[in-house]
Amino acid sequence: MKKLFIVSFLILVIIGCNNAPKEINLEKAIDKTWWKEGILYQIYPQSFKDTNGDGFGDFKGVTEGLDYLESLGISMVWMNPFFQSPLVDNGYDVSDYKEIHPRYGNMEDFDAMLAGMHERGIKFVLDVVVNHSSNEHEWFKQSRSSRDNPYREYYHWWPAENGEPPYRHSLFDPEGAWEYDALTDAYYLHTFAEEQPDLNWENPKVRQEVYDIMRFWADKGVDGFRMDAFQFASKDTTFPEWPEGHEKDFIKWYGMRPQLHDYLKEMYDEVISQYDVFAVSEGAGSTFQDAHDLVDSDRNELQMAYHFETVDMSRTPDGYTLDEFREVFSRWDKAFAEEGWIAIFLSNHDNSRLVSRFGNDNPEFRTVSTQMLNTFLLSMRGTPYTYYGDELGMTNIDMPTIEEYVDIDAIGKYKSAVAAGDDLDEFMNELNYSSRENGRTPMQWNDSENAGFTNGTPWKRVNENYTIINVEAQEKDQNSVLNHFRRMAKLRNENNVLVYGEYQLLLEEHPDIYAYTRELGDEKWLVLLNFSESNSNIELPELDGIDTAKINNYDDVLLDGNSMEMLPYQAIIFSLK
Ligand code: NOJ
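Here goes a summary of the coordinates provided.

Reading the values: rules and limits
- Residues numbered from 1 in each chain as written.
- Predicted model: local features only at pLDDT ≥ 70, side-chain atom pairs only at ≥ 80, totals over all residues.
- Heavy atoms only, no water.
- Axes fitted to C-alpha atoms, helices over the stretch in contact; angles between N-to-C directions.
- Helix = DSSP H or I, 4+ residues; strand = E, 2+ residues; numbered from the N terminus.
- Parallel < 35°, antiparallel > 145°, perpendicular 65-115°, else oblique.
- Contact = heavy atoms within 4.5 Å.
- Nonpolar A, V, L, I, M, F, W, Y, C, P; charged D, E, K, R; others polar.
- Pairing = 2+ DSSP bridges.
- Expected span 1.5 Å × (residues − 1).
- Buried < 20%, exposed > 50% of the residue type's maximum accessible area, 1.4 Å probe, protein only.
- Arc of directions from axis to C-beta.
- Polar contact = N/O pair within 3.5 Å; in protein donor to acceptor, adjacent residues only side chain to side chain.

## Details of the packing of helix 6 (residues 107-119) against helix 8 (residues 204-220)
Phase 1: Direction vectors running N to C along helix 6 and helix 8 enclose 55°, while the axes themselves pass 11 Å from each other. In terms of their interaxial angle, helix 6 and helix 8 are classed as oblique. From helix 6, Met-107, Phe-110, Asp-111 and Leu-114 reach across to helix 8, where they touch Phe-216, Trp-217 and Lys-220.
Phase 2: Across the contact of helix 6 with helix 8, the residue classes tally to 5 nonpolar, no polar and 2 charged.

## Topic: the sheet that holds strand 15 (residues 513-520)
Phase 1: Pairing in this open sheet of 5 strands is antiparallel, and the strands run 14-15-16-21-18 from one edge to the other. Two strands in the sheet have a free side with no partner beyond their single neighbour: strand 14 (502-506) and strand 18 (549-552). Across this sheet, the average inter-strand angle for adjacent strands is 15°, counted without regard to direction.
Phase 2: Across 8 bridges, the pairing between strand 15 and strand 16 (residues 523-530) is antiparallel. Looking at the pairing, Thr-517 lines up with Leu-526 of strand 16.
Phase 3: With respect to the sheet, helix 13 (residues 322-335) is in contact with strand 14 and strand 15, its orientation differing from that of strand 15 by roughly 20°.
Phase 4: Contacts between helix 19 (residues 481-494) and the sheet are confined to strand 16, strand 18 and strand 21 (571-575), with strand 18 contributing the most and set at about 150° to the helix.

## Here we look at helix 6
Phase 1: For helix 6, with 13 residues, the first-to-last C-alpha span of 18 Å sits near the 18 Å given by 1.5 Å per residue.
Phase 2: Taken residue by residue, helix 6 has Asp-109, Phe-110, Met-113, Leu-114, Gly-116 and Met-117 as its buried positions. For helix 6, the angular spread of the buried residues around the axis is 160°, confining them to a single face. Exposed and oriented more than 90 degrees from the buried face of helix 6 are Glu-108 and Glu-119.
Phase 3: Of the surrounding elements, those touching the buried residues of helix 6 are helix 4 (59-64), helix 5 (66-72), strand 2 (76-79), strand 4 (96-100), strand 5 (123-128) and helix 8.
Phase 4: The opening residue of helix 6 is Asn-106, an N-cap whose side-chain oxygen sits 3.1 Å from the backbone nitrogen of Glu-108.

Interpretation in functional terms is not warranted from these geometric data alone.
Right, dumping it as structure tokens:
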């Protein structure tokens, strides 16, 4: 982990400003529900387990893996999109929201998988991709066919006779977010790729279509909804000219308009309140107020949100500092101590691997540093979201040349770098580290060919370290990342202090150790995490007279009175009361 001293300094200044003692109304904060108490496991379905030899993971593969999932101690699964799609963005371009892409199986397979989860007490969270659809969705085909088609207003169109639309940044398309369509001599809007036109949420018919889709899946028994890219659903539909450079803060300019809250209240009335389900938004706006406005319980909108500040750290090989890490988590915890609820995550399908990014994937430290990060994730307030393979410490894959990349995001960024005349060696070095393809490699089940993921040719190269990092090997080793994850999940599941307990940061400026307490009623627990690859010492009055650790990723506890020497990436939790 390299240190960025300037950033650390700024962060300390921010901590200083935010640290005024505050009375916490725990009564309100501990409004208990299953989606706060559970641990969520994210499955990227095409990479989990293939049962028909086509090289893509499928529903039957997940069904085969259910005992494994149950053994982890998780109680929710969020699965990335599996709907009918031309797969331009691996399924985030849906052409039919009620049909399943054959690569994953059929509706019967889905029902069997869902029933299997429910038998094991595991809830299912559906990925709802409705900021945009695919350009192959029937709605869009109709919409583009003529200016007076009844579906025209399902999307955003800019007639060419009004001149070129003002520049708008696209997250995937280096040429911007407006695409000219000669058929009706008009431009349509796409915040992501040109094959992902934005739906027009201003149109009540579009909203009713979405609620209908959500009800369809809730009637089947799904238990939650993850709202993809939802901040962008509300836009200033006059599409004005924004100041130069605005695209660097695109959420502020392109999304989170006040009417979003009207849509969400409507969605709550029409769907969420009618079932025992929750909805979580991807993104939490640009301010704490935005985030609270989305999730506070008295607003009756969403139930949870996840923000990007934690994964905005460490986007480049320069890494991050412990100062910024604990500042971000402490600040968010404080903002949600009394009201509202957020998700906690460090990795997902849009990011590189947990251990390669926040830990240390050198063989010497891979196990302990992943264990330390999982201890962190499972001991914070907020619902922990863990990503498939991180319970094993799966690592980034080395992909130094652009030819191997299939992800639209990586390819778009590469084209932009070429157009801007950037240093391509440097660009590829960064891409290799940060690309989301790192997080999409096949699950490593065992040391047989293709890691036991498929009998065919995997859609994506298996990480060559599968012979060492795999489920089967780790099952046999009590000290493995996997077995540590299970112990940690059990600890959280059995102790609400780790779910609802008040969080208090200790040793605010320690260079290596992240220390905090969690307190609920007469329980007070101490979490100690060494973020460095060296031994490091702490002194804490709380350590005096402490007894056995609740969990420890080493055999030793080097305690001497109120001081302690922590081993590289050691993670320990003690009970203090
Ligand atoms: C966010 C998703 O997580 C990402 O994978 C996708 O590419 C974009 N939204 C567009 O849907």
